[in-house]
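Chain residues, written in single-letter form:
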Amino acid sequence: MAVDATRLDGKVIIITGGAGGIGSATARLMAARGARIAVADIAFEAAQALADELPDAIAVRLDLEDEASIEAMIADTVAHFGRLDVLHNNAALLGPDIARADNDVETMQTALWDRTYAVNVRGTMIACRAALPHLRETRGNIVNTVSNLALQGHMIQAAYSSSKAAVIQMTRAIAASHGIHGIRANAIAPGMTMTRALREAFPPPLRVAVESETLRDTLGAPEDIAEAAAFLASDAARNITGQVLVADGGCASHVPGIAQFRAFFSGEH
Ligand SMILES: NC(=O)c1ccc[n+]([C@@H]2O[C@H](COP(=O)([O-])OP(=O)(O)OC[C@H]3O[C@@H](n4cnc5c(N)ncnc54)[C@H](O)[C@@H]3O)[C@@H](O)[C@H]2O)c1
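Keep in mind that this is a model prediction, so the values were computed, not measured.

Undergrad: Lay out the site of the ligand in plain terms, naming residues and giving numbers.
TA: Lining the immediate surroundings of the ligand are 26 residues, of which Ile22, Asp41, Asn90, Tyr160 and Thr193 lie closest. Between Lys164 and the ligand, the recorded distance is 2.8 Å, taken from a side-chain N or O atom to an oxygen atom. In isolation the ligand exposes 830 Å². Once the protein is present, 87% of that is buried. Mapped onto the shell around the ligand, the elements with two or more residues apiece are helix H1 (21-32) and helix H6 (158-178). Within the shell around the ligand, the residues separate by chemical class into 14 nonpolar, nine polar and three charged.

Undergrad: Any details on the nonpolar core? Residues and values, ideally.
TA: Formed by 43 residues in total, the largest nonpolar core has its most connected members in Ile14, Met73, Ile74, Leu84, Leu87 and Ile142. For this core, the elements supplying multiple residues, two or more each, are strand S1 (12-16), strand S2 (36-41), strand S3 (57-61), helix H3 (67-81), helix H5 (110-138), H6 and strand S6 (184-190). For this core, the element with the highest residue contribution is H5, accounting for ten residues. Not counting residues up to four positions away in its chain, the partners in contact with Ile74 are Ile14, Leu84, Leu87, Ala127, Ala130, Ala131 and His134. Counting 29 residues, the second-largest nonpolar core is a separate cluster that includes Ala27, Ala31, Val39 and Leu54.

Undergrad: Pulling in residues and values, what's your account of the layout of surface pockets?
TA: Within this model, the second largest pocket holds a volume of roughly 190 Å³. Around the second largest pocket sit 13 residues that line it, and Lys11, Thr138, Arg139, Gly140 and Asp235 are the ones nearest its centre. Residue composition of the lining of the second largest pocket, grouped by class: one nonpolar, five polar and seven charged.

Undergrad: I'd like a description of the sheet that holds S3, backed by residues and values.
TA: The strand order across the open sheet built from seven strands is S3-S2-S1-S4-S5-S6-S7, with neighbouring strands paired in parallel fashion. The open sheet has two edge strands, S3 and strand S7 (244-247), and neither has a second partner. Strand after strand, the sheet turns through a mean of 20 degrees between neighbouring axes, direction not considered. As paired elements, strand S4 (residues 86-89) and strand S5 (residues 141-145) share four bridges and run parallel to each other. The residue of S5 that forms the bridge with Leu87 is Ile142.

Undergrad: I'd love a proper account of empty space enclosed by the protein, names of residues and values included.
TA: For the coordinates displayed, the defined rule picks out one cavity of 30 Å³ or more. Volume-wise, the largest cavity comes out at about 40 Å³. Around the largest cavity sit Asn89, Ala91, Asn120, Thr124, Asn144, Thr145, Lys164 and Val167, which together line it. Where the lining of the largest cavity is concerned, the elements lending two or more residues are H5, S5 and H6. Looking at the lining of the largest cavity, its residues break down into two nonpolar, five polar and one charged.

Undergrad: How would you sum up the packing of aromatic side chains? Please name residues and give values.
TA: Geometry of an aromatic ring pair is reported as the spacing of the ring centres plus the angle between the planes. In this structure the tally under the stated criterion is three aromatic pairs. The interplanar angle of 40 degrees and the centroid separation of 6.3 Å between the aromatic rings of Phe261 and Phe265 together place this pair among those described as tilted. Overall, the relative accessible area of 54% leaves Phe261 in the exposed class. Phe265 sits in the partly exposed class, given a relative accessible area of 31%. Both rings, one in Phe264 and one in Phe265, keep their centres 5.1 Å apart while their planes meet at 90 degrees; by these two values the pair is edge-to-face. Aromatic rings pair up to connect Phe261, Phe264 and Phe265 into one cluster. Directly above the aromatic system of Phe44 lies the positively charged group of Arg61, at a separation of 4.0 Å from the ring centroid.

How each quantity is defined
- Residues numbered from 1 in each chain as written.
- Predicted model: local features only at pLDDT ≥ 70, side-chain atom pairs only at ≥ 80, totals over all residues.
- Heavy atoms only, no water.
- Near = heavy atom within 4 Å.
- Polar contact = N/O pair within 3.5 Å; in protein donor to acceptor, adjacent residues only side chain to side chain.
- Areas by Shrake-Rupley, 256 points an atom, 1.4 Å probe, with all protein chains shown as cover.
- Helix = DSSP H or I, 4+ residues; strand = E, 2+ residues; numbered from the N terminus.
- Nonpolar A, V, L, I, M, F, W, Y, C, P; charged D, E, K, R; others polar.
- Core = buried A, V, L, I, M, F, W, Y, C linked by side-chain atoms within 4.5 Å.
- Buried < 20%, exposed > 50% of the residue type's maximum accessible area, 1.4 Å probe, protein only.
- Contact = heavy atoms within 4.5 Å.
- 1 Å grid on protein atoms, 1.4 Å probe; cavity = no way out; pocket = protein on both sides within 12 Å on 5 of 7 lines; lining within 4 Å.
- Points joined across faces, edges and corners; volume = space filled by probe spheres on them.
- Pairing = 2+ DSSP bridges.
- Axes fitted to C-alpha atoms, helices over the stretch in contact; angles between N-to-C directions.
- Phe/Tyr/Trp six-rings, centres within 6.5 Å; stacked < 30°, edge-to-face > 60°.
- Lys NZ or Arg CZ within 6 Å of the ring centre and 35° of its normal.

Structure, rendered in C-alpha cells:
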C-alpha cells in the first residue's frame, strides 16, 4: 500500500500562537495526523488547555518580544521530545486595538511599528535561528504564516503588512541557505480567515468588501489554513521550498473590482 506522505506520525512540531484561532485548528489537525505538538503562546493557560486535549502535546510559555523566552521554547521542546521536526511560526501581533492603530505611514506611531517588527520579524528570526541546528538533524522544515496583505498594497495595516513581507523574504533566505542541509522553509499567506476574534473585531461592511473580492462563495475558516500548514509541514511537500502558498480563496489572484464585474455580467456567466 502507498505511504500517505501527508501523515505527520512522530514528527515534533512547535506551533507559535498555538492557542489562537488558526493555531489551535492547526494543532488539532496536525495532532490528528500523528504529530507531537508544542503549543507555544503568550496566552499560556489557553495553550495548556489545548495541550491537555491533544494526545501527545506540551504547552510552552512564549513571549516573542523576549529573546530568552524564544530560545527556551526551542530548548524545552527538544528537551521534552528529544527532537524537532517542524517550526511553525504562526503567532503575530494582532488584536482590535493594534489593528485600529495600524493604518498608513503618515499616522504611524513609531512604538507600534517597532513592536510589530519585534514580534513578527525579530521574534520569528530568533525562533528560526534557534531551531535550525535541530532541524538540520531531522531534515526538518519551517512554515511561516504571513498574510495576503504582504502581497498587495492596502490603506490599512502598513506595519503589519510590511512586517509579513519581511517574513516572506526571510523564508526565502532560509530556504536558500539551508536547502543543502535538507531543510525546507515555506510561507502560508492566509486571506481574511473567520476566527472568533476576527468575527468580533472586524466591522461587517469591511468583511463584506473582502468577501466580494473572494473567488469562492465564502471566506476561509481556520481549518482551511490548518490544511495548508499541515501539507507544507509534511513530506508530501518535500519538493516545495522557498515558496508562498496563498490560501485566501483567490482574493489576491485577480484584477480588483470583480464584484462590480459580477454585477455587470450577472445572468450571463
Ligand atoms: N485571521 C486572519 O484573517 C488572518 C489573515 C491573514 C494572516 N493571518 C495570520 O495568521 C496567524 C494566526 O492568526 P489568528 O487569526 O489565528 O490570530 P489569533 O489572535 O487568534 O492568534 C494569534 C496568537 O498569537 C499569540 N501571540 C500574540 N503575541 C504573542 C507573543 N508576543 N508571543 C507569543 N504569542 C503571541 C496570541 O496569544 C494568539 O494566541 C497570524 O500570523 C496572522 O497574522 C490571519
